[in-house]
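Read off the chains here:
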Amino acid sequence: MSSNFYSYSLLVFLCSMVIFSDSRRRILNKEDIRYRIKEEKKHKHLFYALGLFVPVVIMVSGLLFEKSLLIKILIFIMSVEMGIIWTIIQLGDTLITKDSLGKAWYTRISTIEYFDVLRAKDRPYLVFRKAKSRRQEMVWLSECDVKPVMEHLRALNISLKK
């Protein structure tokens, strides 16, 4: 077997793990979901369509230039999985569950140091920082989400930034 086979097999496996982890949280552990934050971006569909070009280019070039049928199949599966992951990231909503917060890659509640709701450009954002991290994460909120999000995060014993 060639190294390409192992490389694409590993990428397919990793993409499958990400998709399974997200679907497990959204579908299998539905009872753990405490709140959904729906994002309402104006240009999100255009950005989503542009981002889908990456897996499409990978798929087309792999199918055209690769000679091995097995590797072509792996490239096709990987490209479809990359499109699914991009869909989860761009069109999916943010979830607050009993033990995690986020979109496609979840942040464990136990690692969140603090949270706050800040305003920028007349729009509220949920801002939180993980322990041992310098960077703050931001999630768009609508006005109707601010109060419930703050209540849910306080109920999970996350401190409000002062």
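About the cut-offs
Residues numbered from 1 in each chain as written. Predicted model: local features only at pLDDT ≥ 70, side-chain atom pairs only at ≥ 80, totals over all residues. Heavy atoms only, no water. Pairing = 2+ DSSP bridges. Helix = DSSP H or I, 4+ residues; strand = E, 2+ residues; numbered from the N terminus. Axes fitted to C-alpha atoms, helices over the stretch in contact; angles between N-to-C directions. Buried < 20%, exposed > 50% of the residue type's maximum accessible area, 1.4 Å probe, protein only. Expected span 1.5 Å × (residues − 1). Contact = heavy atoms within 4.5 Å. Phe/Tyr/Trp six-rings, centres within 6.5 Å; stacked < 30°, edge-to-face > 60°. Arc of directions from axis to C-beta. Salt bridge = Lys/Arg side-chain N within 4 Å of Asp/Glu carboxyl O.

*Asks:* How should I be thinking about the sheet that holds strand 6 (residues 123-130) in this particular structure?
*Replies:* The pairing of strands in a sheet comes from backbone hydrogen bonds and takes either a parallel or an antiparallel form. The 3 strands are arranged 5-6-7 in an open sheet whose pairing can be described as antiparallel. Edge positions in the open sheet fall to strand 5 (112-120) and strand 7 (136-140), since each of these has one partner strand only. In this sheet, neighbouring strand axes are inclined to one another by 25° on average, regardless of whether the strands run parallel or antiparallel. The pairing of strand 6 with strand 7 spans 5 bridges and is antiparallel. Each residue of the ladder has a partner; that of Y125, found in strand 7, is W140.

*Asks:* Honestly, the pairing of strand 6 in this entry has me stumped. Any pointers?
*Replies:* Most of strand 6 sits inside the fold, with 6 of its 8 residues counted as buried. Note that strand 5 and strand 6 share 8 bridges and pair antiparallel. Considered in strand 6, the bridge of V117 is made with L126.

*Asks:* Just checking my understanding: could you explain helix 1 (residues 3-28) for this structure?
*Replies:* Given 3.6 residues per turn, any residue in an α-helix points the same way as the ones three and four places further on. In this model, helix 1 (26 residues) spans 35 Å end to end at C-alpha, consistent with the 38 Å of a helix rising 1.5 Å per residue. Every buried residue of helix 1 is accounted for by F5, V12, C15, I19, D22, R25 and R26. In this structure, the buried side of helix 1 is in contact with strand 1 (33-37), helix 4 (69-91), strand 2 (94-97), strand 3 (100-102) and strand 4 (106-108).

*Asks:* Whenever I open this one, the packing of aromatic side chains confuses me. Can you help?
*Replies:* Aromatic rings considered in pairs are described by the distance between their centres and by the relative angle of their planes. Scanning all chains against the criterion turns up 3 aromatic pairs. When the centroid spacing of 5.8 Å and the interplanar angle of 55° are considered together, the rings of F47 and W86 count as tilted. Residue F47 is located in helix 2 (residues 44-51), and its partner W86 is located in helix 4; the two are separated by 39 residues in the primary sequence. A relative accessible area of 48% means that F47 is categorised as partly exposed.

*Asks:* What exactly am I supposed to notice about the environment of I158 here?
*Replies:* Mapped onto the fold, I158 is located in the segment after helix 5 (143-155). Placed 109 residues apart in sequence, I158 and A49 show a C-alpha to C-alpha distance of 36 Å. Setting aside residues up to four positions removed in sequence, I158 forms contacts with I109, I112, Y114, F115 and L153.

*Asks:* Is there a simple way to explain helix 2 in this structure?
*Replies:* For helix 2, the full list of buried residues reads K44, Y48 and G51. In an axial view of helix 2, the angular spread of the buried residues amounts to 65°, which keeps them on one side of the axis. Exposed residues pointing more than 90 degrees away from the buried face of helix 2 are listed as H45 and L46. Contacts from the buried residues of helix 2 go to helix 3 (53-65) and helix 4.

*Asks:* Looking at this model, I keep getting lost on the pattern of salt bridges. Mind explaining?
*Replies:* Counted according to the given criterion, the structure contains 9 salt bridges. The partner of E113 in a salt bridge is R129, with the nearest N and O atoms 2.5 Å apart. Note that E113 is positioned in strand 5 and R129 in strand 6, a separation of 16 residues in sequence. Owing to a relative accessible area of 34%, E113 belongs among the partly exposed residues under this scheme.

*Asks:* How should unusual backbone geometry be read in this particular structure?
*Replies:* With the exception of glycine, most residues fall at negative phi, and the peptide bonds are largely trans. A positive phi angle, close to 55°, is found at K121, a residue other than glycine. Mapped onto the elements, K121 comes out in the loop between strand 5 and strand 6. For K121, a relative accessible area of 82% translates into the label exposed. Even without being glycine, K132 reaches a positive phi, approximately 65°. A relative accessible area of 89% means that K132 is categorised as exposed.

Read these as spatial facts, not as claims about activity.
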